[in-house]
Amino acid sequence: MNKKDQGSDNKLPLQQVNRVIRAGEAADKAQADTVITEEAVALVYNGISHAVMMTTPQDLVDFALGFSLSEGIITKAADLLDCEIYHRENGTEICLTISSRFFTRLKQQRRTLAGTSGCGLCGVESLAQAFKQPDALPKAPLVDFLSIEKAVTGFNGEQVLNRQSGGVHGAAFYHNDGELALLREDVGRHNALDKLIGALAQTDFSAGQGFVLASSRASYEMVYKTISCGINHLVTFSAPTSKAIELARAGNLNLIGFARQGRQVVYHSAVEPLS
């Protein structure tokens, strides 16, 4: 894949704003604050705009590749032939080039997405389009409790943008021993996971040798994206939804929610079904 250097293509992920702190009868205090950047990012395939997402303008090549993979537009990193990023007055365009075979397929199944930071199914035209079924994963046993606890313990310290702004989701891939491999952050939980998927796809990582830990709830879309990239385990800090659990069962995904120090809630175990 030909691409521009990510460092020069990214905008500042954080911005300074003024705020006033109110404390009841105490005097109001005005001071500067740091907030996460959110802007519209358009994904354009072979000259045709396909999706506009609200995202944090950092790791945009990772985001574009991960989105392309998790949405099934392409099947591997090498299928993305070119990626160029253009900053416009009202947002950013990511211009992607894929082969005519994949582009023809994209046009046939094309849907209009108007995604927000909290929406993964916006713009689908019918209920039949809403729920896709990825190929089921080979069954794998749950990751060791202590490995997940180790990852959970260190996760917040690894979230650089969230520490500075307090408004950012994170998605990370940990090895089965709980050691961090990669982490990506974004204002949207789906975007953070797409960035992680895109970053992993550019390495020689083994999907079966680790797990995803995400700061968010486990939605249907989060489960779908995890299964689609071949990872057997999704661990989240918050709860799963009913559709997420249904898809995890169908796709042999080990799904754990409410991950805390000393406590994990298993919603689906592929090898040892819950009684």
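Residues numbered from 1 in each chain as written. Predicted model: local features only at pLDDT ≥ 70, side-chain atom pairs only at ≥ 80, totals over all residues. Heavy atoms only, no water.

**Concerning helix α3 (residues 100-108)**
Point 1. When α3 is considered as a whole, its buried residues turn out to be F102, F103 and L106. For α3, the arc enclosing every buried residue in end-on projection is 100°, short of the 170-degree limit, so these residues lie on one face. Exposed residues on α3 whose side chains face more than 90 degrees from its buried face are S100, R101, K107 and Q108.
Point 2. Looking at the buried side of α3, the elements it contacts are β4 (39-45), β5 (48-55) and β7 (91-98). (Buried < 20%, exposed > 50% of the residue type's maximum accessible area, 1.4 Å probe, protein only. Helix = DSSP H or I, 4+ residues; strand = E, 2+ residues; numbered from the N terminus. Arc of directions from axis to C-beta. Contact = heavy atoms within 4.5 Å.)

**Details of the confidence of the model for the chain**
Point 1. Looking at the chain as a whole, its pLDDT mean stands at 89, while 89% of the residues score no less than 70.
Point 2. Per-residue pLDDT stays below 50 along residues 111-118; that stretch engages in 28 contacts with residues further than four places along the chain or on separate chains. (pLDDT = per-residue confidence, 0-100.)

**As for the packing of helix α2 (residues 60-70) against helix α7 (residues 189-201)**
Packed helix pairs are characterised by how far apart their axes lie and by the angle those axes make with each other.
Point 1. For the pair α2 and α7, the least separation of the axes is 6 Å and the interaxial angle reads 95°. On the basis of the axis angle, α2 is roughly perpendicular to α7. Contacts between α2 and α7 pair D62, F63, L65, G66, F67, L69 and S70 from the former with N191, D194, K195, I197, G198, A199 and A201 from the latter.
Point 2. In terms of residue class, the contact of α2 with α7 is made up of seven nonpolar, four polar and three charged. (Axes fitted to C-alpha atoms, helices over the stretch in contact; angles between N-to-C directions. Parallel < 35°, antiparallel > 145°, perpendicular 65-115°, else oblique. Nonpolar A, V, L, I, M, F, W, Y, C, P; charged D, E, K, R; others polar.)

**Let's talk about the pairing of β5**
Point 1. Where β4 meets β5, seven bridges bridge the pair, whose relative direction is antiparallel. Across the sheet, Y45 pairs through a bridge with I48, a residue of β5.
Point 2. Here β4 folds back onto β5, and the loop between the two strands holds two residues, one of which, N46, carries a positive phi near 50°. (Pairing = 2+ DSSP bridges.)

**Considering the pattern of salt bridges**
Point 1. Applying the stated criterion across every chain, the model contains 11 salt bridges.
Point 2. Note that E71 and K225 form a salt bridge whose closest N and O atoms lie 3.7 Å from each other. Of this pair, E71 sits in the loop between α2 and β6 (80-88) while K225 sits in helix α8 (residues 220-228); the two residues are 154 residues apart in sequence, bridging distant segments of the chain.
Point 3. It is possible to trace a salt-bridge network through shared partners that takes in D59, D62 and R184. (Salt bridge = Lys/Arg side-chain N within 4 Å of Asp/Glu carboxyl O.)

**What to know about the packing of aromatic side chains**
Each aromatic ring pair is characterised by the separation of its centres together with the angle its planes make.
Point 1. One pass over the full model with this rule turns up five aromatic pairs.
Point 2. Both rings, one in F173 and one in F205, keep their centres 5.4 Å apart while their planes meet at 80°; by these two values the pair is edge-to-face. One end of the pair, F173, is in strand β9 (residues 169-175); the other, F205, is in the loop between α7 and β11 (210-214), and 32 residues separate them in sequence.
Point 3. A centroid spacing of 6.5 Å and a plane angle of 25° characterise the contact between Y220 and Y224, whose relative ring orientation is stacked. (Phe/Tyr/Trp six-rings, centres within 6.5 Å; stacked < 30°, edge-to-face > 60°.)

**A look at the pairing of strand β3 (residues 26-36)**
Point 1. Alignment of strand β2 (residues 14-23) against β3, held across nine bridges, turns out to be antiparallel. Residue pairing across strands places L14 opposite I36, the latter belonging to β3.
Point 2. What sits between the antiparallel neighbours β2 and β3 is a turn of two residues, in which G24 has the positive phi angle 65°.

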